[in-house]
Amino acid sequence: MFSKDVVNVKDNTLHSNNPDFYMKNGLEGEVDRYKDAAIEKVKFSLVIKPAIISFLALILSFFLDLAYVPLLGNISIKIAKTLFPTWTPVEEVITPYSFWWLPVVVYAFFIFMAFMAYNKLKAEITRSPASETIDRIITSYTSIIDSISTALPLIGAALLLISIKLGEEIFLGLSVPFEIKALIILAIGKLFEPVLDQLGVEFQNIVTHVKDIRDKYFSKIQIENSKNLIQQISNKSGMSIEKEFSVKDMEVYKTLLEQTYGLSTALAKNFASINELIKDITKVNTFDNEKIAQLNQLALSISAASKSLSDDKTLVGLKSLESIVVRK
């Protein structure tokens, strides 16, 4: 019997009115209590609803038969007479073999596989809840059902090819009735897959809630440690904290720390790039003594030329040259 403060089986969640409830009672203990209650709630009867469609296909298989069916008789002939009142059945020379029981046996095997998957999921989730475990179990049992439902029509097709040579009696009496039931089993197998999917969804909900419990627990631990650290810093610095940090405050604090870390990383990269650039510049010997001397000589020549342009005689000569060019 579980206390109301620990487990609420109706909505499949774990509750506590005390915020330090998980801290005091231990994480694993609360997870085990929740798992036991939630797994106990998951009954095998939950497969009834998703199995309705495949069960209707099983019922339909009794009406698709060439041979005699218990309680229904020669149902195919009866249906044909109902649809075509003037139709006269051909006198039967070959009595087909009755395979009405084959879909029933296979469907019972599918139900057994679903029950095995249910028990396997309960055992694995009780031991260690994990989504990968659920997927692996559901996939393995789905593969078994799909393999059987696919293999029977292929076997029936092989029998059809063989019976063509063996004669009409084998072809109409054995191969055709078997192939009809094998195709129906293929349809039943495809329609039965939602049963295993429903089992996977139910147990996946338990795994998800267990993960939420653990996340909330460790978030609580992180918040408590951060508050204690801030309190210690404030005590050493002589400051007092007037308000407690809420979860929202801690999220903002975490976001600021992440932004600060990103900015520091970017600055470090920039300083490293600048340092490499300075090293490359120092390696280049661009301004040596010879080039500086050439630049000085060029500057003196430019200065002398500019001084000569300012001379009166030079200006008179330039004006005379201009007058000659213009007359031409």
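If you're wondering where the values come from, they're calculated on a predicted model, not measured in any experiment.

A. Quick look at the packing of aromatic side chains. Under the criterion given, the structure shown has eleven aromatic pairs. Between Tyr-107 and Phe-192, the aromatic rings sit 5.8 Å apart at their centres with planes inclined by 85 degrees, giving edge-to-face as the arrangement. You can see Tyr-107 sitting in helix 5 (residues 101–127) and its partner Phe-192 sitting in helix 7 (residues 168–237), a full 85 residues away along the chain. Judged by relative accessible area, Tyr-107 falls into the buried class, the value being 8%. Here a set of aromatic residues connected by ring pairs shows up, and it is made of Phe-44, Phe-115, Tyr-118 and Phe-203.

B. Geometry of the nonpolar core. Among the nonpolar cores identified, the biggest contains 41 residues, and Leu-196, Leu-199, Phe-203 and Ile-206 are the most heavily contacted of them. Elements that contribute at least two residues to this core include exactly helix 2 (27–41), helix 3 (52–61), helix 5, helix 6 (131–166) and helix 7. With 14 residues, helix 7 is the largest single contributor of residues to this core. Setting aside residues no more than four positions away along its own chain, Phe-203 makes contact with Val-42, Tyr-118, Leu-121, Lys-122, Ile-125 and Ile-134.

C. How the structure looks around the packing of helix 3 against helix 5. Where helix 3 contacts helix 5, the axes come no closer than 9 Å and their chain directions differ by 160 degrees. Relative to helix 5, the element helix 3 is oriented roughly antiparallel. The handedness of the crossing between helix 3 and helix 5 comes out as left-handed. Contacts from Ser-54, Phe-55, Leu-58 and Ser-61 in helix 3 reach Pro-103, Val-104 and Tyr-107 in helix 5. Across the contact of helix 3 with helix 5, the residue classes tally to five nonpolar, two polar and no charged.

D. Representation of the confidence of the model for the protein in the model. Across the protein, the average pLDDT comes to 76, with 63% of residues at 70 or higher. For residues 1–24, every residue scores under 50 in pLDDT, and the model assigns this stretch 49 contacts once sequence neighbours within four places are set aside.

E. Broad picture of the pattern of salt bridges. For the coordinates displayed, the defined rule picks out five salt bridges. Close ionic contact of Lys-181 with Asp-65 constitutes a salt bridge, the shortest N to O distance being 3.1 Å. Taken as a pair, Lys-181 in helix 7 and Asp-65 in the loop between helix 3 and helix 4 (75–83) lie far apart in primary sequence, 116 residues in all. Exposure class is identical for Lys-181 and Asp-65. Each is buried. Three or more residues joined by partner-sharing salt bridges are found here, namely Lys-120, Glu-124 and Arg-127.

F. Quick peek at helix 5. Here helix 5 contains 27 residues, and its C-alpha end-to-end distance of 39 Å stays within 8% of the 39 Å for a straight helix at 1.5 Å per residue. Of the positions making up helix 5, those classed as buried are Leu-102, Pro-103, Val-106, Tyr-107, Phe-110, Met-113, Ala-114, Ala-117, Tyr-118, Leu-121, Glu-124 and Ile-125.

G. Molecular detail of unusual backbone geometry. In the Ramachandran plot, Leu-71 falls in the positive-phi region, its phi being about 75 degrees despite a non-glycine side chain. Along the chain, the position of Leu-71 falls in the loop between helix 3 and helix 4. Of the residues examined, Leu-71 reaches a relative accessible area of 88% and is grouped as exposed.

What counts, and where the lines are drawn
Residues numbered from 1 in each chain as written. Predicted model: local features only at pLDDT ≥ 70, side-chain atom pairs only at ≥ 80, totals over all residues. Heavy atoms only, no water. Phe/Tyr/Trp six-rings, centres within 6.5 Å; stacked < 30°, edge-to-face > 60°. Helix = DSSP H or I, 4+ residues; strand = E, 2+ residues; numbered from the N terminus. Buried < 20%, exposed > 50% of the residue type's maximum accessible area, 1.4 Å probe, protein only. Core = buried A, V, L, I, M, F, W, Y, C linked by side-chain atoms within 4.5 Å. Contact = heavy atoms within 4.5 Å. Axes fitted to C-alpha atoms, helices over the stretch in contact; angles between N-to-C directions. Parallel < 35°, antiparallel > 145°, perpendicular 65-115°, else oblique. Left-handed = near helix turned anticlockwise from the far one by under 90°. Nonpolar A, V, L, I, M, F, W, Y, C, P; charged D, E, K, R; others polar. pLDDT = per-residue confidence, 0-100. Salt bridge = Lys/Arg side-chain N within 4 Å of Asp/Glu carboxyl O. Expected span 1.5 Å × (residues − 1).

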